[in-house]
Each structure stands twice: as C-alpha cells, then as structure tokens.
Amino acid sequence: MNTQLAQDACRLPELLEKVLDASLDYLGSIDDRPPATGFVRNDPLSLPDDGLGTERTLDLFAQRYGRTMPASNGPRFWGFVTGGTTPAALVGDWLTSVFDLNLTSVANSPAPNIEFEAIQLLRELFGLPAAFTGSFVTGATMANFAGLAIGREWIARQFGKSIALDGLHAVPPISVLSGEAHSSIFKVLALLGLGRNSLRTVATLPGDREAVDVEALRRALAQLDDRPCIVVANTGTVNTGDFDDLRAIADLKSRYRFWLHVDAAFGGFAACSPGYRHLLDGVDAADSLTIDAHKWLNVPYDSAMIFTRHRDLQVAVFQNSAAYLGAIAEPPDFLHLSPENSRRLRALPAWFGLMAYGRAGYREIVERNCALARLLGERIRASATFRLLAPVRLNVVCFALAGETDSDRVREFLARVRDDGQAFLTPTTFQGEAGIRAAFSNWRTQEKDIEIGWRTMNHNR
Ligand SMILES: Cc1ncc(COP(=O)(O)O)c(C=O)c1O
C-alpha cells in the first residue's frame with residue numbers, strides 16, 4: 001500500500017478529530033463570516049509525485065481557501081433559494097460518506113430501504129397520496145428533467161409509440177405550455193431533444209402576478225386540436241413566489257389531454273404549514289412533481305426528489321437492464337428510476353433531518369422564513385429608499401431601488417452589499433424592471449438577521 005495511504009489509515013481517529021476541529025471553527029464563525037465571497041485567484045497547484053498525506057493536505061486547504069470560505073449556508077445568504085445544512089443533515093451526510101453505499105440494488109445493502117423510507121416520510125410531509133412514488137436526484141433541474149422525460153414517453157404512448165425505444169422521430173413535435181417557467185425547464189427541453197423553442201409561454205394573470213392565466217392556458221390547449229402536450233405548472237416562482245392555480249389546471253384534464261408536471265422546487269414546502277397549504281390544492285393531479293431538498297429541507301447539496309404517479313413509464317425511460325445487474329423487480333431498483341445508475345445514498349441526510357425535526361420542525365422553519373420575508377417586505381413598503389415590486393406571497397421579497405431603473409446600478413449596489421460582508425442578495429428582472437430578490441429558506445435565519453441585512457442595505461444605497 002502507498003505509504004501516505006497506509007499512514008492515513010492508521011491515523012484516522014486523529015485526522016477525524018482535526019476535521020472536527022476545523023468544522024467547529026467554521027460553524028462557530030458562520031454568523032461573522034461574509035455570506036458570499038468572490039472567486040479566489042491562487043497560484044496554480046501541480047500534482048505531487050508523492051502525496052502530502054491528509055493532515056498536510058488539510059493544512060494546505062485551510063491556507064489556500066479557509067479564510068475565504070463564505071457562510072452561504074448561514075443566516076444572511078438571501079440569494080437564489082438556498083437552505084443550510086441542519087445538524088441532523090450534517091450527521092446523515094457524514095455517515096453517507098462513511099458507509100459509501102451505492103444505491104443501485106436491493107441485493108447488497110439496505111441503502112434502497114433507507115431511500116424508500118425517506119420518500120415515505122417526505123410523502124407524509126407534503127401530504128402526497130401513496131400513488132406517488134419518488135426517487136432522489138441531484139437537484140430540481142434533474143427532477144424536472146426526469147418529470148419531462150416521463151411526460152415525453154406518455155405523449156408517445158398516446159400515439160401508440162415509445163420514444164424510449166424508437167426516439168423522438170416516432171412522434172409529431174411535442175408542445176410544452178407554461179406560464180412563468182423556471183429557466184431550468186428550458187435547459188431540460190434542450191437536453192430532451194424537444195428544444196427550448198417547444199415551450200409556448202402562456203400569459204400570466206394581470207398586475208404583479210406570475211401565476212398562469214388558466215383561461216389563456218385553456219385556449220392554448222384548445223388550439224392543439226386534441227394533440228397531447230405537456231403542461232408545466234409553477235408553484236413557487238423565483239421572483240415572487242407565486243403559485244399557479246393547480247386545482248383549476250387539474251380540472252382542464254377532463255377536457256384536454258396533457259401531462260401535468262408541477263415544478264414545486266421550493267413551493268412544495270408550502271405544504272408544511274396549514275397557513276400556506278392551500279396554495280398546493282390540486283397537486284394530487286400532477287403526473288410528475290419536482291421538489292428540491294437542498295432548498296427548504298435544509299440538507300446539503302445535491303439533493304432533490306422526482307415524484308410521479310406513473311412508475312411504469314418511469315421504468316420504461318430510465319431502465320438499465322443488464323445480466324450482471326439482475327432483472328427489474330417489484331419495486332424496481334433505483335437505477336431503473338432516475339438518470340444516474342451508481343449514486344450515493346443521497347436520501348440519508350434527508351432521512352436524518354425528517355426524523356430529527358419532524359413535521360413540527362419543518363413547519364417552524366417554513367413559517368419563520370415566511371414571516372421574516374414579510375418583515376423585510378414591510379420595511380421596504382414603508383421606505384423611501386426601496387420599492388416593493390410585488391406582495392410577499394411566501395418566502396421571496398422582490399423589490400427595486402427607488403428611482404433607479406438601470407440594472408448596472410442595481411448590480412453595483414448588490415456588489416457593495418456583498419463586499420460589506422453582512423448580507424447577500426441577487427439581482428433579477430421583474431416585468432421588465434431591474435429588481436432584487438431576497439429569498440429566505442435557511443433554518444438559521446432570525447429576526448436579528450433582518451435587522452442586520454436592512455442596516456447594510458440602507459448603508460450601501
Ligand atoms: C422553481 C425552481 N425550479 C427549478 C430550480 C432549479 O433547481 P436546482 O438548481 O436545484 O437544479 C429552481 C432553483 O432555484 C427553482 O427555484
């Protein structure tokens with residue numbers, strides 16, 4: 001055995017103690033670290049002939065990157081829709097690497113049992129009926145990919161064909177209808193060979209709404225003359241956290257043929273709170289459903305779930321049959337259900353979080369984050385410096401700099417806020433206006449963080 005490797009193996013307890021110390025140092029300073037830091041320009045490294053061993057590598061890492069590691073999993077990173085890692089999720093993630101299990105098969109470990117259990121717990125958290133089966137993927141983009149890939153196969157079946165077997169030329173061009181689709185949907189359409197241009201954007205409701213106008217959707221469906229299509233419903237839009245009316249969209253299914261994919265990457269967590277749950281009324285009618293775990297479930301990247309009521313079609317798309325892997329059983333192994341074959345036991349951090357904090361834990365995180373978003377929204381509404389662009393519907397605050405329409409000025413403002421090291425927010429465009437988003441989905445964020453963020457926003461304006 002290589003000497004460094006052999007020495008590391010003997011000193012594992014000591015090395016893990018060192019990592020523990022480094023981790024506690026970082027986590028203990030999370031409140032004081034800047035939430036975001038820029039790209040680090042270091043002298044290039046070259047591959048050592050003889051390795052350094054883990055201890056010296058850890059020192060090298062600390063010296064090259066330690067001080068610049070931001071607190072993007074801390075309480076004042078309000079860009080994108082970013083969760084943090086809860087203590088339980090960290091424990092689950094650490095153990096995932098300790099066990100290093102491949103999820104492919106029930107034949108050699110209980111890893112699939114753990115994923116089945118996590119999916120069952122998540123179904124309970126989201127109030128989904130048992131008809132939905134689920135599996136973990138790396139993020140909402142891949143969940144959207146899986147959902148639309150299954151939808152594409154459903155369309156082919158309407159023509160008595162299979163795209164999984166015969167490719168896209170087996171069927172006429174497929175239309176996809178959506179209101180305010182997330183950018184990842186366009187990427188997915190490119191990946192699936194449907195093309196970004198296959199998405200027909202349907203009008204949204206007037207005013208400051210991003211929810212689809214269901215009557216406009218009905219008209220678009222009618223124009224297809226009974227040709228089956230895919231409808232992507234959006235529950236939790238990135239700019240304003242708006243929700244399509246799923247119940248009304250589901251009702252259209254009795255008159256028009258479409259696959260209903262619901263992108264509920266973060267909006268799905270509305271189900272955790274009795275006050276917001278109604279926003280997902282009708283979700284039972286979804287044929288496929290995306291929910292991200294590395295957002296509001298507060299597990300580390302990369303983690304999301306694809307749920308569907310059509311596992312047979314899912315297997316038709318994702319099956320990976322080979323003599324050495326065994327036959328497709330019931331339930332099918334996870335390698336027959338998602339884009340990856342070999343993959344880590346991604347469900348374990350989620351399993352730990354769900355068991356450690358339960359229904360009440362997630363309800364509290366969701367409700368606190370939404371209350372904090374409202375608090376920032378109220379500050380903005382009352383201020384002469386900033387201007388609210390839309391009401392705060394869930395956990396996202398969308399606003400502008402008062403009297404400023406130039407997006408470069410907005411970016412400069414956000415760079416000043418970032419470099420001040422107290423809060424991080426990201427730019428957007430909302431209905432043609434240069435805007436800013438603050439999204440709250442981290443379990444650590446408290447009222448004091450809104451005070452700090454508000455102060456730095458005003459100071460840098
Ligand atoms: C509604 C929605 N869909 C999809 C995505 C893509 O998620 P991911 O970056 O996890 O792939 C996001 C990310 O913000 C989102 O908000």
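Residues numbered from 1 in each chain as written. Predicted model: local features only at pLDDT ≥ 70, side-chain atom pairs only at ≥ 80, totals over all residues.

**Some points on the environment of F386**
Okay, step 1: Turning to its location among the elements, F386 is positioned in strand β8 (residues 386-388).
Okay, step 2: In this structure F386 comes out as buried when scored by C-beta crowding, with 22 C-beta atoms within 10 Å.
Okay, step 3: Separated by 29 residues in sequence, F386 and A415 have C-alpha atoms that sit 17 Å apart.
Okay, step 4: Excluding anything up to four places from it in sequence, F386 contacts I380, F399, A400, L401 and A402. (Helix = DSSP H or I, 4+ residues; strand = E, 2+ residues; numbered from the N terminus. Buried ≥ 20, exposed ≤ 12 C-beta atoms within 10 Å, placed from the backbone. Contact = placed C-beta atoms within 7 Å.)

**Observations concerning the pairing of strand β4 (residues 229-234)**
Okay, step 1: A large share of β4 lies buried, amounting to six of its six residues.
Okay, step 2: On β4, burial covers both faces: C229, V231 and A233 on one face and I230, V232 and N234 on the other are all buried.
Okay, step 3: One ladder, built from three bridges, connects strand β2 (residues 176-178) with β4; its direction is parallel. If you follow L177 over to β4, its bridge partner there is V231.
Okay, step 4: Two elements, β4 and strand β5 (residues 258-263), share six bridges in a ladder whose sense is parallel. Its bridge partner being in β5, C229 is matched across the sheet by F258.
Okay, step 5: In this fold, β4 hands off to helix α10 (residues 246-251), which returns the chain to β5; that crossover is right-handed. (Pairing = 2+ DSSP bridges. Right-handed = clockwise from strand over helix to strand, strands pointing away.)

**Side note on the domain arrangement of the protein chain**
Okay, step 1: Per the domain assignment, the segments of the protein chain are domain 1 (90-352) and domain 2 (362-459).
Okay, step 2: A C-alpha centroid distance of 29 Å is found between domain 1 and domain 2.
Okay, step 3: Between domain 1 and domain 2, the residue contacts involve 18 residues of the former and 18 residues of the latter. (Domains from an automatic or database assignment.)

**Regarding the sheet that holds strand β1 (residues 133-137)**
Okay, step 1: Read from one edge of the open sheet, seven strands run β1-β7-β6-β5-β4-β2-β3, paired in mixed fashion. Either end of the sheet is taken by a strand with one partner, and the two such strands are β1 and β3 (199-201). Going from strand to strand, the sheet's axes swing by 20 degrees on average, the running direction of each strand aside.
Okay, step 2: Helix-sheet contacts for helix α5 (residues 111-126) involve β1, β6 (288-292) and β7 (304-308), and the interaxial angle to β1 is about 110 degrees.
Okay, step 3: Where helix α8 (residues 183-191) meets the sheet, it contacts β2, β3, β4 and β5, and its direction lies at approximately 150 degrees from that of β3. (Axes fitted to C-alpha atoms, helices over the stretch in contact; angles between N-to-C directions.)

**What to know about the packing of helix α4 (residues 87-99) against helix α12 (residues 347-381)**
When two helices pack together, their arrangement is given by the angle between the helix axes and the distance between those axes.
Okay, step 1: Viewed as axis vectors pointing N to C, α4 and α12 meet at an angle of 150 degrees, and their least axial separation amounts to 7 Å. As for the relative orientation of α4 and α12, their crossing is right-handed in sense. Between α4 and α12, the residues in contact are A88, A89, V91, G92, D93, L95 and T96 and L348, P349, W351, F352, G353, A356 and Y357, respectively.
Okay, step 2: Looking at the contact of α4 with α12 residue by residue, the class counts come to 10 nonpolar, three polar and one charged. (Left-handed = near helix turned anticlockwise from the far one by under 90°. Nonpolar A, V, L, I, M, F, W, Y, C, P; charged D, E, K, R; others polar.)

**A few points about the packing of helix α6 (residues 140-158) against helix α11 (residues 311-318)**
Okay, step 1: Between α6 and α11, the shortest axis-to-axis distance is 9 Å and the interhelical angle comes to 100 degrees. Here α6 lies roughly perpendicular to α11, going by the angle between them. Contact with α6, carried on its side by A149, I150, E153 and W154, involves L313, Q314, A316 and V317 of α11 and no other residues of that element.
Okay, step 2: Residues of the contact of α6 with α11, tallied by class, amount to six nonpolar, one polar and one charged. (Parallel < 35°, antiparallel > 145°, perpendicular 65-115°, else oblique.)

**What to know about the sheet that holds strand β9 (residues 396-401)**
Backbone-to-backbone hydrogen bonds pair the strands of a sheet. The strands run either parallel or antiparallel.
Okay, step 1: Taken in spatial order, the four strands make up an open sheet running β8-β9-β11-β10, and their pairing is antiparallel. Looking at which strands have only one partner, the edges of the open sheet turn out to be β8 and β10 (426-430). Geometrically, the sheet is characterised by an average inter-axis angle of 45 degrees between neighbouring strands, direction not taken into account.
Okay, step 2: Inspection of the sheet shows β8 paired to β9 by three bridges, in the antiparallel sense. Paired with R387 across the strands is A400, a residue of β9.
Okay, step 3: Each of β8, β9 and β11 (433-439) touches α12; the most contacted strand, β9, lies at about 20 degrees to it.

**Examining the site of the ligand**
Okay, step 1: Contacts to the ligand come from 14 residues, most closely from G139, A140, T141, H182 and A265.
Okay, step 2: Here the shell around the ligand is built from residues that sort into seven nonpolar, five polar and two charged. (Near = placed C-beta within 6 Å.)

**Regarding the nonpolar core**
Okay, step 1: Judged by nonpolar contacts, the single largest core of 127 residues is most densely connected at I230, V231, M305 and V397.
Okay, step 2: With 15 residues, α12 is the largest single contributor of residues to this core.
Okay, step 3: When residues of this core are sorted by domain, at least three fall in each of domain 1 (90-352) and domain 2 (362-459).
Okay, step 4: If we skip the residues at most four places from it in the chain, V231 touches L177, S178, I249, F258 and L260. (Core = buried A, V, L, I, M, F, W, Y, C linked by C-beta atoms within 7 Å.)

**Quick look at unusual backbone geometry**
Okay, step 1: Residue Y301 is joined to D302 through a cis peptide bond whose omega torsion reads 0 degrees.
Okay, step 2: With respect to the helices and strands, D302 occurs in the loop between β6 and β7.
Okay, step 3: Here E330 and P331 are connected by a cis peptide whose omega angle stands at -5 degrees.
Okay, step 4: Within the element layout of this structure, P331 appears in the loop between α11 and α12.
Okay, step 5: Non-glycine residue N298 carries a positive phi angle of around 55 degrees.
Okay, step 6: Looking at the element boundaries, N298 is found in the loop between β6 and β7.
Okay, step 7: A positive phi is found at Q431, a non-glycine position, where the angle reads about 50 degrees.
Okay, step 8: Within the element layout of this structure, Q431 appears in the loop between β10 and β11.

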